[in-house]
Protein chains: 2
Amino acid sequence: MHSGDPEVSRRVKEFREAAKSAGVKLTHQRLEILREVIGRTDHPSAEAVYRAVRVRMPTISLDTVYRTLWLLTDLGVVTTLGPRREVVRFDPNLKHHHHFVCMRCGLVQDFMSADFDHIRVPEALLAVGEATSTHVDVRGVCIQCAQAREL
Amino acid sequence: MHSGDPEVSRRVKEFREAAKSAGVKLTHQRLEILREVIGRTDHPSAEAVYRAVRVRMPTISLDTVYRTLWLLTDLGVVTTLGPRREVVRFDPNLKHHHHFVCMRCGLVQDFMSADFDHIRVPEALLAVGEATSTHVDVRGVCIQCAQAREL
DNA sequence: CTATTTGCAAATAATTTGCAGTGCG
DNA sequence: CGCACTGCAAATTATTTGCAAATAG
């Protein structure tokens with residue numbers, strides 16, 4: 001995927017519109033960062049985006065990259081892999097299990113399911129690697145948060 | 001789950017054995033930390049374990065909690081939620097997708113699957129919350145790492 | 001006894017923030 | 001032309017490490 005890619009121009013245009021309606025300025029830095037992150041499939045860290053963009057724009061700073069990536073996230077143009085700012089959390093459950101994750105409060109509840117332990121994976125994955133196990137994240141809203149919202 | 005729980009004693013015994021065969025000492029601190037983490041289902045952070053253990057053992061330090069939790073992880077007594085030490089990574093793919101994760105090199109490859117988008121979840125989850133979407137993590141070894149291992 | 005382990009304090013790493021100058025609309 | 005944005009440097013937060021004293025085996 002390079003800069004001339006129609007997908008990239010489509011997403012850049014999408015961002016121009018989102019930026020306008022959010023009253024956000026279109027700076028050279030923001031466009032470069034956006035082009036870089038859209039053109040990648042390896043889920044880069046802020047640092048990795050910084051290194052790549054700096055080649056074309058040597059004066060850019062790492063904190064601008066951070067600020068811009070969070071801005072893009074807030075505008076719904078990109079997402080993050082896993083939750084924002086994760087601290088290490090420990091899990092005493094050694095059995096193969098799955099998670100229910102509450103999108104409101106971050107609750108993570110384990111559950112077992114023999115069906116989920118070995119789901120048949122798409123044929124196309126053979127080209128990526130060999131699958132060992134499958135883990136399902138069920139996202140939703142937990143009972144407590146659902147009740148709090150009803151009030 | 002409290003200290004008298006048979007499950008806790010079973011796991012403590014398991015740890016005593018693992019510790020002996022690894023040539024690791026059984027300190028008061030380690031046993032308290034182990035009891036605390038085993039007795040919880042909320043996947044606590046090191047900080048949370050520290051706060052809880054400090055009630056019974058006021059002189060314990062946060063770094064001992066960290067060292068012990070990683071020790072327990074290395075001994076295979078507990079695991080972590082997500083990979084060790086995660087940096088934020090950004091994902092430009094806004095479509096509902098799933099991940100193939102290589103356990104060797106950390107590669108995360110997106111893939112689509114309409115089947116995986118809405119798997120029927122176990123009835124028991126109704127007691128936990130309302131499910132909105134399902135996301136599958138397929139763990140395994142990617143082609144590159146598999147080839148490297150063959151050499 | 002003596003090698004591990006602990007607690008303290010200082011070091012790191014990733015990320016965020018305050019501020020003065022710069023540039024988009 | 002004014003307010004949002006940038007770059008720099010300094011602050012924060014989570015986690016790790018060096019070291020002298022404490023302790024398990």
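What you are looking at is a predicted structure, and each value in this text was computed from that prediction instead of being measured.

1. Considerations on the packing of aromatic side chains
Thinking step 1. This model, assessed by the stated rule, comprises 4 aromatic pairs over all chains.
Thinking step 2. Taken together, a centroid distance of 5.2 Å and an interplanar angle of 70° make the contact between phenylalanine 90 of chain A and tryptophan 70 of chain B edge-to-face. Residue phenylalanine 90 of chain A is found in strand S2 (residues 89-91), and its partner tryptophan 70 of chain B is found in helix H4 (residues 62-74); the two belong to separate chains.
Thinking step 3. You can call phenylalanine 90 of chain A buried: its relative accessible area is 0%.
Thinking step 4. Residue classification places tryptophan 70 of chain B among the buried positions, given a relative accessible area of 16%.
Thinking step 5. Ring centres 6.0 Å apart and planes at 70° place the aromatic pair phenylalanine 111 of chain A and phenylalanine 116 of chain A in the edge-to-face group.
Thinking step 6. Taking relative accessible area as the criterion, phenylalanine 116 of chain A reaches 3% and is therefore assigned buried.

2. Some remarks on the state of the cysteines
All names here are of chain A.
Thinking step 1. This model, assessed by the stated rule, comprises 0 disulfides over all chains.
Thinking step 2. Distance from the sulfur of cysteine 102, which forms no disulfide, to the nearest cysteine sulfur (cysteine 105) is 3.7 Å.
Thinking step 3. Judged by its relative accessible area of 2%, cysteine 102 is buried.
Thinking step 4. With no disulfide of its own, cysteine 105 has cysteine 145 as its nearest cysteine by sulfur position, at a separation of 3.7 Å.

3. Let's talk about the protein's contact with DNA strand C
Thinking step 1. Around DNA strand C lies a shell of 21 residues, among which Tyr66 of chain A together with Thr27, Thr64, Arg67 and Val88 of chain B are the nearest.
Thinking step 2. For DNA strand C, a phosphate oxygen lies 2.7 Å from a polar atom in the side chain of threonine 27 of chain B.
Thinking step 3. A distance of 2.8 Å separates a base nitrogen of DNA strand C from a polar side-chain atom of arginine 67 of chain B.
Thinking step 4. Counting residues per element, the ones that place at least two in the surface near DNA strand C are helix H4 (62-74) of chain A together with helix H2 (28-38) and H4 of chain B.
Thinking step 5. The element best represented in the surface near DNA strand C is H4 of chain A, accounting for 5 residues.
Thinking step 6. Across the surface near DNA strand C, the residue classes tally to 8 nonpolar, 5 polar and 8 charged.

4. Remarks on unusual backbone geometry
Residue and element names in this part refer to chain A.
Thinking step 1. Its identity as a non-glycine residue notwithstanding, histidine 43 has a phi of 50°, on the positive side.
Thinking step 2. Along the chain, histidine 43 falls in the loop between helix H2 (28-38) and helix H3 (46-56).
Thinking step 3. Assessed through its relative accessible area of 2%, histidine 43 is described here as buried.

5. Digging into the protein's contact with DNA strand D
Thinking step 1. In the vicinity of DNA strand D there are 20 residues, among which Arg30, Thr64, Arg67 and Val88 of chain A together with Tyr66 of chain B approach most closely.
Thinking step 2. The contact atoms of DNA strand D, taken as those within 4 Å of the protein, divide so that sugar and phosphate hold 69%.
Thinking step 3. Contact between DNA strand D and glutamine 29 of chain A: a sugar or linking oxygen at 2.9 Å from a side-chain N or O atom of the residue.
Thinking step 4. Within the side chain of arginine 67 of chain A, one N or O atom sits 2.8 Å away from a base nitrogen of DNA strand D.
Thinking step 5. Breaking the surface near DNA strand D down by element, the ones donating at least two residues are H2 and H4 of chain A together with H4 of chain B.
Thinking step 6. With 5 residues, the single largest contributor to the surface near DNA strand D is H4 of chain B.

About the criteria used
Residues numbered from 1 in each chain as written. Chains lettered and ligands numbered in written order. Predicted model: local features only at pLDDT ≥ 70, side-chain atom pairs only at ≥ 80, totals over all residues. Heavy atoms only, no water. Phe/Tyr/Trp six-rings, centres within 6.5 Å; stacked < 30°, edge-to-face > 60°. Helix = DSSP H or I, 4+ residues; strand = E, 2+ residues; numbered from the N terminus. Buried < 20%, exposed > 50% of the residue type's maximum accessible area, 1.4 Å probe, protein only. Disulfide = S-S within 2.5 Å. Near = heavy atom within 4 Å. Polar contact = N/O pair within 3.5 Å; in protein donor to acceptor, adjacent residues only side chain to side chain. Nonpolar A, V, L, I, M, F, W, Y, C, P; charged D, E, K, R; others polar.

Purely spatial values, then, with no claim about function.
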